Every structure is written in structure tokens, then in C-alpha cells.
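Coordinates in review
What follows is the residue order along each chain.
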Amino acid sequence: MGAVATRQAFGDAIVRIGGDPRVVVLTGDLKNSTHTEDFAKAYPDRFFDVGIAESNMLGVAAGLALSGKVPWACSFAAFIANRLETVRASVAYNAANVRIVGTHAGIGIGDDGASQMALEDVAAIRALPNVGIVQPCDGPETQRAVEYLLDHDGPAYLRLMRQKTETVHAEDYSFRFGEAEVLRDGADVAFVASGGLVQESLGAARILEAEGVSARVLNVHTIKPLDAAAIVEAARACGRVISAEDHNVDGGLGGAVAEAIGEAGVGARLVRVGLRSFGESGSTAELYDRYGLSAARLAGAARSLLSR
Amino acid sequence: MPHATDAPARPDVQTLRDISRELRADIIRMLVEAKSGHPGGSLSAIDALVCLYFGGVLRYRPAEPEWPERDRFVLSKGHCTPALYSVLARAGYFPRERLMSFRKFGSPLQGHPDRTRLPGVEASTGSLGQGLSMALGMALAARIDGSGRRVYAMLGDGEIQAGQVWEAVMSAGNFGVDNLTAIVDCNQVQQTGLVRDIQDEEPLAAKWSAFRWNVIECDGHDHAQVLDALDGARACRGRPTVILARTVKGKGVSFMELDYNWHGKAPSPEEGERALAEILAGESSPAPAALRGKGDR
Ligand SMILES: Cc1ncc(C[n+]2csc(CCOP(=O)(O)OP(=O)(O)O)c2C)c(N)n1
């Protein structure tokens, strides 16, 4: 089915919806990395490069949104989604229809190392009222999510990846905001994953299948609002849950899953796979292995959970 | 007790030029080996860094990196690690061979500087716009301690578009910290184009001086001029100094010069050979003439 980076799919999608006069795109000296160059060429009047000034970009986006536009403020997740106080005051508290687009999320970016790896953005934004969080795992899901977000009411954070990920959805996939997707059914253990960890979880499920273990894979493309019902159902059905994210487990998807299961009072075992430290330089494969995010390491986590 | 390397004695300018040439070559070799990284801003910054570290200015002890009375250097434009690491290796913080581990899994030579992994790095940076504030904090600490420590920070001309930089500029001016020196590597190019096309900043000298800074402009590839500027900074009382080092992004490799495509891309082995040939054969004292010209808008 091929592989594409979700940031590239975003760049394509924003051009396709660019005919809508409400769409405005902003960036901070990163139109190449965020793939917004094609939009800049097609709609120069609705494209603004504010320079390396992300707080300003967020505030300007809020002002555009409060005047009826749908601005997409694009930078590395580390530099825009992590600019928390500005997101809080200008965007969230104003309930401004800003789309915060953070590319290069997680350790998956590789060589650039820790300073460029957003690993706390989901946790931070999850604590802000009003802001939806969407993390698609492949090209078609990104395209459909962008189309959805054009008309979404309220601020939203779109978390995208630098590295390519295998395509798992068909082109006619229908994206349902707030509803987790069961990509694979299973009864022994459930992977609750988001972004590129969806593909790694599918890989883990295939490894486990060969060993006679049946694994469910839940794609949590919308981290907020969380589809707690689907997660609780998976916990009930399988009794063992592994949350998987390229992000810090504290307050991220892992935190959200723990909250959902805890509040529902389901007796399930949970292992949170994700980061517990800053990242470092290396290739995506080396880092995913080192930090337990690879399909093989996820399968290993399932095995030890099953043997407990 | 005085120490031989607290501030290495100032050699003649030709020696500094030769060091720059060596380190430019190291920068290219590291990038080719790593297959990723930032050549443009490393090549533009290297001459000023050579003057700072090897021109008898910065006081430091590679064998005692935590020596409390050392001067501090903060690389605020953290992506230019190839320049910083080549300097730190030559200064003796670690063996030169280690440069070849740049950006590799497990290496202390991270893509961006990490002070928790590499002695000699004073501040972990990589998110642009924050280094001058940290440097100001270090300068204030020296003042509180009644110490003669000096603090230097290098910023990019794209980086100074960040609002926090101007917050630091204002407060440093108001605090009158004369032990703080900012070096802006004005190489005219940022990641995706010319600075003046993305967000024009000129006139820069007027802006800094309006915030009560002592402003010195120089050709940032002319070692004699950079040394004069650094001496001027040390001589200035009551105000922080900014050195606006007028430079060329990618300096020394003709096909990289002033081309934003070489901001964050490593040369292939073949391109690396061409770059090395130019650097090693080339005039080691770059001709400054046509640097700017149109820069005053
Ligand atoms: C806050 C922040 N925004 C964006 C980036 C991505 N980025 C890295 S380098 C760079 C361009 C820097 O240009 P300049 O300061 O002129 O550096 P130089 O030309 O000296 O390399 C950008 C946008 C970043 N590292 N930090």
C-alpha cells in the first residue's frame, strides 16, 4: 500500500481544501519541513511566514480565527504545541478556531535529537479545555482528518510525523472525530495506539498471532475527546491493555488510557509503552528499539504481560 | 592558581586562519559521516568561534570543564553543533576522532548540544530564541558572585526574529551587564530563504543600541576584525555588547554560499570531497568585499 509521512499528506490536503477562502496557513521559517510550500504558491494571499516567532504565530492565528478565518499554524510540534501559555491564553481560552499543526512529533524524527522531539505536547494540550487533539497514523487518515477539521468547531491540535509510515487505510476511509477505530480484533491483549505506533502495534499483533496470541489493535486517532468507551470495552474483553505512543507516558495517551480504565473500574492490567525521559539522536529504528516502541519490543511487552 | 589554558595566548592572525580552515574541513567530514546536520550556519560561524576559543579571549580549562571561574559560551543557534564540536575537540575537551560519532546513536555528540552528555557544552539548546536569556542569567550570576567571569552567546540572524530574544535584549540593556557579549552571526540566510525576504530586521545596529547595548559591527570572516570586536566588548563598561558579525552562510564552500538549501542538509560523499578540496586549497583568509551590499533595507 506504500508509505508516506503524515506531514506530506497534510501538505497535499491543505492545498486541496485551499480553495475555501476561510483557509489561512502560517509558518515560522519552516514551509519546507511542514510541506506548506505548495499552499504558499497556490494561495500567496492567504499564506504568512512570520519568521522564527512561534508565539506571535499563535497569537496572529487566534486573531484570524476570531475574524472568521480557519488558520493552520504550522511548525515543529516542539516549537508550537509546546508553547503552552500562548496556546492556553490566546487559543484555548478564546475558543479560537485555530488549527495548531505540529510536525516532527516524537523520537521518530531521529538524528536531530532531543531538542526537536516533542514528547510532552499531548499531555500539555490535553490539560487545556476546548482543544481537540488528533494524531493520524497514515496518509489517508491525515487527508480525511484535515477535511474534517476545516469545519470542526473550536481549536484543535493536529500532531504529525516526520518519518514515513505504512498506509493502513483505504482512500475512501471515513474519519470519525472522537471515535477510536478497531483495526484488528483480538481477545488476549489489546494495543491502544496512536500515530506511528498504530503500525508498530499491527506488526506486534502479527508477531503474536504466529505464537497463537490474539491481539486487538485500537487506533486512537482522536486523543481528545478520548473514546473511553472503546478503550474500556477492549480492557473488559482482553483483560490486558498496552498503550503505545511516541510521547511521554505521563499525561499522554498512556495517562489518558489509565484514567479511562481506572474511572470505569474495570479490572484490567495496563502497561504504558512510551517515553519516560527526553529523547536522543539516532535512527528511528534504533530509537524505537531502544525505547521499546518497535513492533518486536511491543510483542515482547505483550508476552511478559501475558505471562504475569 | 593560573592555568596555561585559562585563555590560550593570542597567536598571530595567520595561525587563526589556519585553524579555521582545519575546522571547516572537520565540519564537512562530520556532516558527510553523519548524513544529516547543518553546514551553512556552521561554516559562517566558525571564524568567530575560532577567535573566541583560540584567540586568547575565552578562559576555559578543558581538563577541568566545571572550573567555576571559567567564561561561558552559549551556542544559542544550537543546530550549528558541527562548528561547536570541532572547536571543542580542538580545544581538547575530547579526542578529535569522536567527531565522527556526531548524531549517531549513543554518542555524546548529539544533533543539538546537550550539556548533560558532553563536557564543554554550557547550555542545551536547539529550540531557537532562548540562549541569550540563559546567558544573561549566567552573567547576572557572575555579577552577584563578584566574579570576573564573562559570558558569550552566539545567535543566528534568523533566530533573532524570536520575541524572547528581544525580551533578553531589553533586560540585559536595563541591567547594564557589561560581562555579557552577544555575537549575531549575520549570515543573511535562514532555513527557507533570505532573512530580508522572510522578516526583514534591519537596521539591526539601531535596534540593539536603542536597547542600550554597545554595538560593534565587523566582517565576521576577518579574524583581525573579530578580535578587535571581542577586545572592544571586554573594554566596554556599563553596557552589554553585541557583535554584529557580517558573514556568508556556507562560507568557504562555493556551492553552499548564501544558498538556503544548504541550511540543514549534509553533503554526499562526492559533494564532501568537492567541499574539502575547496577548503583545503582555498585562500584561508576569505575576501570580505561583496558580503552585504543590499543589506541596509
Ligand atoms: C523555536 C524554533 N523554531 C524553529 C526552529 C527550526 N529551525 C532550526 S534552524 C532554523 C533557521 C535558523 O536560522 P538562523 O538563525 O539564521 O541560523 P543560521 O543561518 O545561522 O543557521 C529554523 C527555523 C527551531 N530550531 N527552533
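Residues numbered from 1 in each chain as written. Chains lettered and ligands numbered in written order. Predicted model: local features only at pLDDT ≥ 70, side-chain atom pairs only at ≥ 80, totals over all residues. Heavy atoms only, no water.

**A look at the site of the ligand**
- Taken together, 23 residues lie around the ligand, and A:Glu54, B:Lys77, B:His79, B:Glu159 and B:Lys249 are the ones closest in.
- Chains contributing residues to the immediate surroundings of the ligand are chains A and B.
- Within the side chain of B:His79, a nitrogen or oxygen atom sits 2.6 Å from an oxygen atom of the ligand.
- A distance of 3.0 Å separates an oxygen atom of the ligand from a polar side-chain atom of B:Asn187.
- A total of 600 Å² of accessible area belongs to the ligand in isolation, and the protein chains cover 99% of it.
- At a threshold of 2 Å from the grid points, most atoms of the ligand map onto the largest pocket.
- Classifying every residue of the shell around the ligand gives five nonpolar, 11 polar and seven charged. (Near = heavy atom within 4 Å. Polar contact = N/O pair within 3.5 Å; in protein donor to acceptor, adjacent residues only side chain to side chain. Areas by Shrake-Rupley, 256 points an atom, 1.4 Å probe, with all protein chains shown as cover. 1 Å grid on protein atoms, 1.4 Å probe; cavity = no way out; pocket = protein on both sides within 12 Å on 5 of 7 lines; lining within 4 Å. Sits in = over half its atoms within 2 Å of the grid points. Nonpolar A, V, L, I, M, F, W, Y, C, P; charged D, E, K, R; others polar.)

**A short note on the domain arrangement of chain A**
Residue and element names in this part refer to chain A.
- Looking at the assigned domains, one finds that chain A contains domain 1 (4–165) and domain 2 (181–307).
- One C-alpha centre belongs to domain 1, the other to domain 2; they are set 25 Å apart.
- Each side of the interface is counted separately: domain 1 has 33 residues, and domain 2 has 34 residues.
- Each partner contributes to the roughly 2300 Å² buried at the junction of domain 1 and domain 2, and carbon and sulfur atoms together form 54% of this total.
- Three residues, Ile107, Leu119 and Arg126, lead the burial of domain 1 against domain 2; their summed loss comes to 32% of the area buried on that side. (Domains from an automatic or database assignment. Contact = heavy atoms within 4.5 Å. Buried area = accessible area lost by both parts, 1.4 Å probe.)

**Brief notes about empty space enclosed by the protein**
Residue and element names in this part refer to chain B.
- In total, this model carries four cavities of 30 Å³ or more according to the counting rule given.
- Along its surface, the second largest cavity is lined by Tyr53, Leu58, Tyr60, Pro65, Arg70, Asp71, Arg72, Phe73, Tyr93, Gly120 and Glu122.
- Residues that form the lining of the second largest cavity fall into these classes: six nonpolar, one polar and four charged. (Points joined across faces, edges and corners; volume = space filled by probe spheres on them.)

**A short note on the pattern of salt bridges**
All names here are of chain B.
- Inspection of the entire model under this criterion finds 37 salt bridges over all chains.
- Glutamate 33 is the partner of lysine 104 in a salt bridge, and the nearest nitrogen-oxygen pair spans 2.3 Å. You can see lysine 104 sitting in the loop between helix H3 (81–91) and helix H4 (131–145) and its partner glutamate 33 sitting in helix H1 (residues 13–34), a full 71 residues away along the chain.
- Looking at lysine 104, the relative accessible area reads 31%, which means it is partly exposed.
- In this structure glutamate 33 comes out as partly exposed when scored by relative accessible area, which is 33%.
- Taking the shortest distance from any N to any O, the salt bridge between glutamate 122 and arginine 72 comes out at 3.8 Å. One end of the pair, glutamate 122, is in the loop between H3 and H4; the other, arginine 72, is in strand S1 (residues 72–75), and 50 residues separate them in sequence. Each of the two residues, glutamate 122 as well as arginine 72, counts as buried. (Salt bridge = Lys/Arg side-chain N within 4 Å of Asp/Glu carboxyl O. Helix = DSSP H or I, 4+ residues; strand = E, 2+ residues; numbered from the N terminus. Buried < 20%, exposed > 50% of the residue type's maximum accessible area, 1.4 Å probe, protein only.)

**Some words on the pairing of S1(B)**
All names here are of chain B.
- Of the two faces of S1, the one carrying Arg72 and Val74 and the one carrying Phe73 and Leu75 are both buried.
- The pairing of S1 with strand S2 (residues 151–156) spans four bridges and is parallel. Bridge pairing in S2 links leucine 75 to methionine 154. (Pairing = 2+ DSSP bridges.)

**Quick notes on the packing of helix H2 (residues 39–54) of chain B against H3(B)**
All names here are of chain B.
- Packing of H2 against H3 brings their axes to within 9 Å, and their N-to-C directions diverge by 30°. Overall, the two elements H2 and H3 adopt an arrangement that is roughly parallel. The interaxial crossing formed by H2 with H3 has right-handed handedness. Mapping the contact onto sequence places Ser42, Ile46, Leu49, Tyr53 and Phe54 in H2 and Pro82, Ala83, Leu84, Ser86, Val87, Leu88, Arg90 and Ala91 in H3.
- Its residues assigned to classes, the contact of H2 with H3 shows 10 nonpolar, two polar and one charged. (Axes fitted to C-alpha atoms, helices over the stretch in contact; angles between N-to-C directions. Parallel < 35°, antiparallel > 145°, perpendicular 65-115°, else oblique. Left-handed = near helix turned anticlockwise from the far one by under 90°.)

**With respect to the interface of chain B and chain A**
- Taken residue by residue, the interface counts 24 residues in chain B and 23 residues in chain A.
- Considering only the side of chain B, the residues that lose the most area to chain A are B:Phe105, B:Gln191 and B:Thr192, jointly responsible for 32% of the buried surface there.
- Counting across the chain B and chain A interface gives two salt bridges.
- Across the salt bridge formed by A:Asp112 and B:Arg103, the nearest N and O atoms sit 2.8 Å from each other.
- The tally of links from chain B across to chain A stands at 15 residue pairs in polar contact (both at pLDDT 80 or more).
- Each residue belonging to the side of chain B that touches chain A can be placed in one class, and the counts come to five nonpolar, 15 polar and four charged.

**A short note on the packing of aromatic side chains**
- According to the stated counting rule, one finds 14 aromatic pairs over all chains in the structure shown.
- Pairing A:Phe39 with A:Tyr43 gives two aromatic rings, centres 5.1 Å apart and planes at 40°, and the pair type is tilted.
- Their ring planes at 15° and their centres at 5.0 Å tell us that A:Tyr148 and A:Phe177 sit as a pair that is stacked. Of this pair, A:Tyr148 sits in helix H7 (residues 139–151) while A:Phe177 is found in the loop between strand S8 (164–166) and strand S9 (181–184), placing the two residues 29 residues apart along the sequence.
- By the ring-pair criterion, three or more aromatic residues cluster together here, those being B:Tyr53, B:Phe54, B:Tyr60, B:Phe73 and B:Tyr93.
- A cation sits over an aromatic face here: A:Arg290 above A:Tyr291, 4.4 Å from the ring centre.
- The ring of B:Phe54 carries B:Arg90 above its face, with NZ or CZ at 5.5 Å from the centroid. (Phe/Tyr/Trp six-rings, centres within 6.5 Å; stacked < 30°, edge-to-face > 60°. Lys NZ or Arg CZ within 6 Å of the ring centre and 35° of its normal.)

**Things to note about the side chain of A:Glu141**
Residue and element names in this part refer to chain A.
- Within the element layout of this structure, glutamate 141 appears in helix H7.
- A polar atom in the side chain of glutamate 141 sits 2.9 Å from the backbone nitrogen of cysteine 137.
- Excluding anything up to four places from it in sequence, glutamate 141 contacts Pro136, His169, Tyr173, Phe175, Glu181, Asn219 and His221.

**Remarks on the confidence of the model for chain B**
All names here are of chain B.
- When the pLDDT values of chain B are averaged, the result is 94; 93% of them are 70 or greater.
- Overall, residues 284–297 carries pLDDT values under 50, and its contacts beyond four positions in sequence, including any with other chains, amount to 23 contacts.
- For this predicted complex, the interface confidence comes out at an ipTM of 0.92, alongside a pTM of 0.94. (pLDDT = per-residue confidence, 0-100.)

**Some points on the sheet that holds strand S10 (residues 189–193) of chain A**
Residues and elements named next belong to chain A.
- On the basis of which strands lie adjacent, the open sheet formed by five strands has the order S9-S11-S10-S13-S14 and mixed pairing. Unpaired on one side and paired on the other, S9 and strand S14 (269–275) mark the two borders of the sheet. Averaged over all pairs of adjacent strands, the angle between strand axes in this sheet comes to 25°, irrespective of strand direction.
- Strand direction decides the pairing type here: S9 and strand S11 (residues 215–219), joined by three bridges, are antiparallel. Residue pairing across strands places glutamate 181 opposite asparagine 219, the latter belonging to S11.

**Observations regarding unusual backbone geometry**
- Here A:Lys224 and A:Pro225 are connected by a cis peptide whose omega angle stands at -5°.
- Its location among the elements puts A:Pro225 in the loop between strand S12 (222–224) and helix H9 (228–238).
- With an omega of 0°, the peptide bond running from B:Glu202 to B:Pro203 counts as cis.
- Mapping B:Pro203 onto the fold places it in the loop between helix H6 (195–198) and helix H7 (204–210).
- One non-glycine residue, B:Arg103, adopts positive backbone phi at about 70°.
- With respect to the secondary-structure elements, B:Arg103 resides in the loop between H3 and H4.

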